[in-house]
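Descriptive structure summary
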Amino acid sequence: MFMLWDDLQIGGVADCQRSGPGLAVVHTCKYPYHAAAVGYTGSLPKAHRYYLALEHSGDLYLNLIDPPQPLFQVESFTAFWILRIDTGRGATSF
């Protein structure tokens, strides 16, 4: 794990864990995390409710890939953190 701030750390697959009290986890890859959380293999239809992201019990699963044209939507990440702060369930500073 690499600590960015006191309450924000990043890591790889070997560091991955589920959320817990005072801990919010953002899983930022399609495989294995997003696919497993949503329950699909292969491709997910773009119209699917959780095509971009699924938030469940303090975990945010993002459908991120490395396409030639970036598709990442910052709103999907920032909305999760704002919710965590507003409800007192996560980081309070960045």
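Small disclaimer: the values here were computed from a predicted structure and weren't measured. (Residues numbered from 1 in each chain as written. Predicted model: local features only at pLDDT ≥ 70, side-chain atom pairs only at ≥ 80, totals over all residues. Heavy atoms only, no water.)

Here strand E5 (residues 59-62) shows no split at all, with Asp59 and Tyr61 on one side and Leu60 and Leu62 on the other all buried. The pairing of strand E3 (residues 25-27) with E5 spans three bridges and is classified as parallel. Across the sheet, the residue bridging to His27 is Tyr61, located in E5. In this structure, strand E4 (residues 53-56) lies alongside E5, joined through four bridges in antiparallel fashion. Paired with Leu54 across the two strands is Tyr61, which belongs to E5. (Buried < 20%, exposed > 50% of the residue type's maximum accessible area, 1.4 Å probe, protein only. Helix = DSSP H or I, 4+ residues; strand = E, 2+ residues; numbered from the N terminus. Pairing = 2+ DSSP bridges.)

Right, let's get into the sheet that holds E5. The sheet built from three strands is open, its strands ordered E3-E5-E4 with mixed pairing. Strand pairing shows two members of the sheet lacking a second neighbour, E3 and E4, which therefore form its edges. Direction aside, neighbouring strands of the sheet carry axes that sit 15 degrees apart on average. Contacts from helix H1 (residues 30-38) reach E3, E4 and E5 within the one sheet, and its direction differs from that of E5 by about 115 degrees. (Axes fitted to C-alpha atoms, helices over the stretch in contact; angles between N-to-C directions. Contact = heavy atoms within 4.5 Å.)

Before going further, it helps to spend a moment on the nonpolar core. Within the largest apolar cluster, seven residues are counted, these being Tyr33, Ala35, Val38, Tyr40, Leu44, Leu54 and Tyr61. The leading source of residues in this core is H1, at three residues. Apart from residues lying up to four places away in sequence, Val38 is in contact with Leu44, His48, Tyr50 and Leu54. (Core = buried A, V, L, I, M, F, W, Y, C linked by side-chain atoms within 4.5 Å.)

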